[in-house]
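Residues per chain are reported as follows:
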Amino acid sequence: MENLKTGSDTLFILLGAIMVLAMHAGFAFLELGTVRKKNQVNALMKILVDFSISTIAYFFIGYSIAYGVDFFSSTEILAQKNGFELVKFFFLLTFAAAIPAIISGGIAERAKFNPQLIATFILVGFLYPFFEGIAWNQHYGIQAWIKEFTGEEFHDFAGSVVVHAVGGWIALPAIILLGARRGRYNKDGQVSAHPPSSIPFLALGAWTLAVGWFGFNVMSAQTIDKVSGLVAMNSLMAMVGGTLAAWVVGKNDPGFTYNGPLAGLVAVCAGSDLMHPLGALFVGLFAGGLFVYMFTLVQNRWKIDDVLGVWPLHGLCGLWGGLAAGIFGTTALGGMGGVTFTGQLIGSLLGVVIALTGGVIVYGALKVFLGIRLSQEEEFEGADLSVHRIASTPDRESNW
């Protein structure tokens, strides 16, 4: 029975890892469909290479920082318990690698390729696991202090704050330090629209992310005896709520509508194991509306050129998710309890502060020492030709 249990747990978390790995294809196609045609290859390349760099950084450095575990043991030891610990690493790696995937969408179309890979290594190897260890592994006694002060620990079941808010708030200083794409805003304050290059690819990315998200959330239980259909139901309701709100507030715009389910899913991660489905529906509705409103405000009023809207989508909706767990997770509003709003506020703001500070330091240093932006000519030509020397759909075959 013990072997059956460990084998089942290993398969369970492996399936979760595969589903979240598939989400990275969603990130790639969501960005590909949103950026202009001359930057589509760059979107695909960034997500794949960033994931590979993330794997190396997390394997050798980040996982040890977060959990005090390394893999410098014999294969015989590593393969114990059906290799459960190895597959657990794979699962948590897919979360860690979401950080650069989130950032990628905000800095699209004008960021240099190699400096971003350096940022990925630092963020996944050091910054992300620092907060991950605090939130999910009791590091530095912060969770114990929050519990003593508020009565309950900071609760983030599947990463509204640990993954999404952290990724979104790291992206914000990167976006600001890069500056807007050339021609996006003119001196008169007018905004030049850059419509998505492919709504079908954008939709494919959103659907892939949404399906994989059920592995992201449900498999965060990590062992099969802790799996809960409540998490799946809450994820579904938040996804639907986000879609409907973005559709209505976004006035039938397909770009907004297809980001709506993602906003709802980002927000429900933290409290998906605690909320009543009606609470999850409201959380998703609010997140979908928040994304559309803030995306429009950020782009048109504040003139911050966040290409995919990653700060509103992940940064703000992730922060809302952390706080929402402290509202709709309480028994007073039909939740399971074991959470306080004050504890959620402290933990969420701590994540934001760490992410913002880290983003300013990492991207500020890279801008000073290496430069993080393509030249004007390279940006005009497009990252596909200037960086990768090939377009997504070459007009002709090569001549010899």
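Refer to the structure printed above.
Some thoughts on the overall build of the chain
Argument step 1. The secondary structure content of the chain amounts to 16 helices and 0 strands.
Argument step 2. Against the globule reference of 21 Å for 400 residues, the chain gives a C-alpha radius of gyration of 21 Å, in line with a compact fold.
Argument step 3. Projected onto its principal axes, the C-alpha positions of the chain cover 65 × 50 × 35 Å.
Argument step 4. Across the 400 residues that make up the chain, the buried fraction comes to 57%.
Argument step 5. When the accessible surface of the chain is split by element, carbon and sulfur atoms take 67% of a total near 16,800 Å².
Argument step 6. Side chains of the chain give 22 positive and 26 negative charges; the mean places of these two sets differ by 10 Å.

Brief notes about the nonpolar core
Argument step 1. Core analysis: the largest hydrophobic core is formed by 109 residues, its most contacted members being Tyr-58, Phe-131, Trp-169, Ile-170, Trp-213 and Phe-216.
Argument step 2. Sequence-distant contacts of Ile-170, defined by excluding residues within four places in its chain, comprise Ile-99, Ile-103, Leu-123, Leu-127, Ala-355, Gly-359 and Tyr-363.

Some remarks on the pattern of salt bridges
Argument step 1. Using the criterion set out here, one finds 9 salt bridges in the structure.
Argument step 2. For Arg-36, the salt bridge identified is with Glu-109, shortest N-O distance 2.8 Å. Here Glu-109 lies in the loop between helix H5 (98–106) and helix H6 (113–137) and Arg-36 lies in the loop between helix H1 (2–34) and helix H2 (40–67), a separation of 73 residues in the sequence.
Argument step 3. The buried category is assigned to Glu-109, whose relative accessible area is 3%.

Quick notes on the environment of Ser-64
Argument step 1. By secondary structure assignment, the location of Ser-64 is in helix H2.
Argument step 2. Sequence separation between Ser-64 and Ile-18 is 46 residues; the distance between their C-alpha atoms is 22 Å.

Observations concerning the packing of H1 against H5
Argument step 1. Direction vectors running N to C along H1 and H5 enclose 5°, while the axes themselves pass 10 Å from each other. Considering the angle they form, H1 stands roughly parallel to H5. Within the contact between the two elements, H1 uses His-24, Phe-27 and Glu-31 and H5 uses Ala-98, Ala-101, Ile-102, Ser-104 and Gly-105.
Argument step 2. Residue composition of the contact of H1 with H5, by class: 4 nonpolar, 3 polar and 1 charged.

A word on the environment of Glu-377
Argument step 1. Among the secondary structure elements, Glu-377 is positioned in helix H15 (residues 376–381).
Argument step 2. A relative accessible area of 64% places Glu-377 in the exposed class.
Argument step 3. Separated by 375 residues in the primary sequence, Glu-377 and Glu-2 place their C-alpha atoms 62 Å from one another.

Structural notes on unusual backbone geometry
Argument step 1. For Gln-138, which is not a glycine, the phi torsion comes out positive at approximately 60°.
Argument step 2. Along the chain, Gln-138 turns up in the loop between H6 and helix H7 (142–150).
Argument step 3. Even without being a glycine, Gln-222 presents a positive backbone phi close to 75°.
Argument step 4. As for its position among the elements, Gln-222 is in the loop between helix H9 (199–218) and helix H10 (229–249).

Things to note about H5
Argument step 1. By the criterion of burial, H5 is predominantly enclosed, with 9 of the 9 residues buried.
Argument step 2. Inspection of H5 places Ala-98, Ile-99, Pro-100, Ala-101, Ile-102, Ile-103, Ser-104, Gly-105 and Gly-106 among the buried residues, and these make up the whole buried set.

Observations concerning a nonpolar patch on the surface
Argument step 1. A surface patch of nonpolar side chains, about 1,000 Å² in accessible area, is lined by Ile-56, Phe-60, Phe-72, Ile-118, Phe-121, Ile-122, Phe-126, Val-368, Phe-369 and Leu-370.
Argument step 2. Secondary-structure elements contributing two or more residues to the nonpolar patch are H2, H6 and helix H14 (341–369).
Argument step 3. Per-element tally for the nonpolar patch: the top contributor is H6, with 4 residues.
Argument step 4. Here Phe-60 falls in the partly exposed class, since its relative accessible area comes to 44%.

The rules we used
- Residues numbered from 1 in each chain as written.
- Predicted model: local features only at pLDDT ≥ 70, side-chain atom pairs only at ≥ 80, totals over all residues.
- Heavy atoms only, no water.
- Helix = DSSP H or I, 4+ residues; strand = E, 2+ residues; numbered from the N terminus.
- Rg over C-alpha atoms; globule rule 2.2 N^0.38 Å.
- Buried < 20%, exposed > 50% of the residue type's maximum accessible area, 1.4 Å probe, protein only.
- Areas by Shrake-Rupley, 256 points an atom, 1.4 Å probe, with all protein chains shown as cover.
- Lys, Arg positive; Asp, Glu negative; His and termini not counted.
- Charge placed at Lys NZ, Arg CZ, Asp CG, Glu CD.
- Core = buried A, V, L, I, M, F, W, Y, C linked by side-chain atoms within 4.5 Å.
- Contact = heavy atoms within 4.5 Å.
- Salt bridge = Lys/Arg side-chain N within 4 Å of Asp/Glu carboxyl O.
- Axes fitted to C-alpha atoms, helices over the stretch in contact; angles between N-to-C directions.
- Parallel < 35°, antiparallel > 145°, perpendicular 65-115°, else oblique.
- Nonpolar A, V, L, I, M, F, W, Y, C, P; charged D, E, K, R; others polar.
- Patch = residues over 30% accessible without salt bridge, like charges linked within 9 Å, V, L, I, M, F, W, Y side chains within 5 Å.

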